[in-house]
Amino acid sequence: MTERKRIDSWLSDMDGVLVHEGLPVPGADEFIKRLAESGKPFRVLTNNSIYTPRDLSVRLRAAGLDVPPQHIWTSALATAQFLHDQRPGGSAYVIGEAGLTTALHEVGYILTDLDPDYVVLGETRTYSFTQITRAIRLIEGGARFIATNPDPVGPSTEGSLPACGAVAAMITKATGVDPYFVGKPNPRMMRSALNAIDGHSETTAMIGDRMDTDIVSGMEAGLYTILVLTGVTQRDQIDRYPYRPSLVVESVADLIDLI
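Computed from a prediction, not measured in an experiment: that's the story for all the values here.

Chemist: Tell me what's going on with the sheet that holds strand β14 (residues 224-228), and back it up with residues and numbers.
Modeler: Read across the open sheet, the 6 strands follow the order β5-β4-β1-β13-β14-β15; overall the sheet is parallel. Strands with a single pairing partner mark the edges of an open sheet, and in this sheet they are β5 (72-74) and β15 (247-249). Neighbour-to-neighbour, the strand axes of this sheet turn through a mean angle of 25°, independent of strand direction. Helix α3 (residues 75-86) rests against β4 (42-46) and β5 of the sheet, and its axis sits at about 65° to β5.

Chemist: Just give me the short version of the side chain of T124, but keep the residues and values in it.
Modeler: When you line up the elements, T124 lands in the loop between β8 (118-121) and α5 (129-140). By relative accessible area, T124 is classed as buried at 11%. In this structure the side chain of T124 is engaged in a polar contact, spanning 2.9 Å, whose partner is the side chain of E97. Looking at T124, its side chain comes within polar contact range of the main-chain nitrogen of T126, at 3.3 Å. Apart from the residues within four sequence positions on either side, T124 is in contact with I50, I95, G96 and E97.

Chemist: So, the packing of aromatic side chains: which residues are in play, and what are the values?
Modeler: On inspection of all chains with the given rule, the structure shows 4 aromatic pairs. Taking 5.9 Å as the distance between ring centres and 85° as the angle between the ring planes, the aromatic pair formed by W10 and F31 counts as edge-to-face. Residue W10 is located in strand β1 (residues 9-13), and its partner F31 is located in helix α1 (residues 28-38); the two are separated by 21 residues in the primary sequence. The same class applies to W10 and to F31, which are both buried. Relative to Y243, the ring of Y241 has its centre 5.7 Å away and its plane inclined at 45°; by these criteria the two rings are tilted.

Basis of the calculations
Residues numbered from 1 in each chain as written. Predicted model: local features only at pLDDT ≥ 70, side-chain atom pairs only at ≥ 80, totals over all residues. Heavy atoms only, no water. Pairing = 2+ DSSP bridges. Helix = DSSP H or I, 4+ residues; strand = E, 2+ residues; numbered from the N terminus. Axes fitted to C-alpha atoms, helices over the stretch in contact; angles between N-to-C directions. Contact = heavy atoms within 4.5 Å. Buried < 20%, exposed > 50% of the residue type's maximum accessible area, 1.4 Å probe, protein only. Polar contact = N/O pair within 3.5 Å; in protein donor to acceptor, adjacent residues only side chain to side chain. Phe/Tyr/Trp six-rings, centres within 6.5 Å; stacked < 30°, edge-to-face > 60°.

This is the structure we're talking about:
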């Protein structure tokens, strides 16, 4: 465990940390309640760009977790903020759902397939061959290629589904153009969430369940990183990585007294 300053703000991944397969992780409700009562700023992060924060808040409430929309930060919001910073009032051809299109509209972006500044690829339940073909041709014509997150597959009750990273690889193979991924493990995702809560890296903790996304991006953003063992990475896998979390705990229930 690395000695750090007092933790004044918190960032937490969602899937595998607060919920697992749609059910709350034991202790997650008390953890969120304690955070809210403490008055310390926090954000729940997700690479999933399908849903708006309001959508996700309702889904979390159904799992017994009270997380208001303003405390949720998605890769769609981070992508919209990135594009607004890079090219305010620009235009984009978007493959994605309401989480992404709403975020882009809210920063003043025009969504169009007529000579857009960017092709923006997000998550969707039904990737369209027609849309992918259009994206390829726009990128060949000079549009810049952005993707919300590099996750290659997503879960479903039937098994794995191709996700943003897999479809991005298809477009890259066709065009020779690599996308800029905004979501984890890009530390920009962490920094944008930090800015949203006016937090400082030296006094902010990042809780995650994956060494290859949550922990590495938190580390690169200079945060105090906490790995929970309720999701993807298990204890015997930690030493396979060339970096370590600041702290390893069984679940968020073990962090309640740190708030």
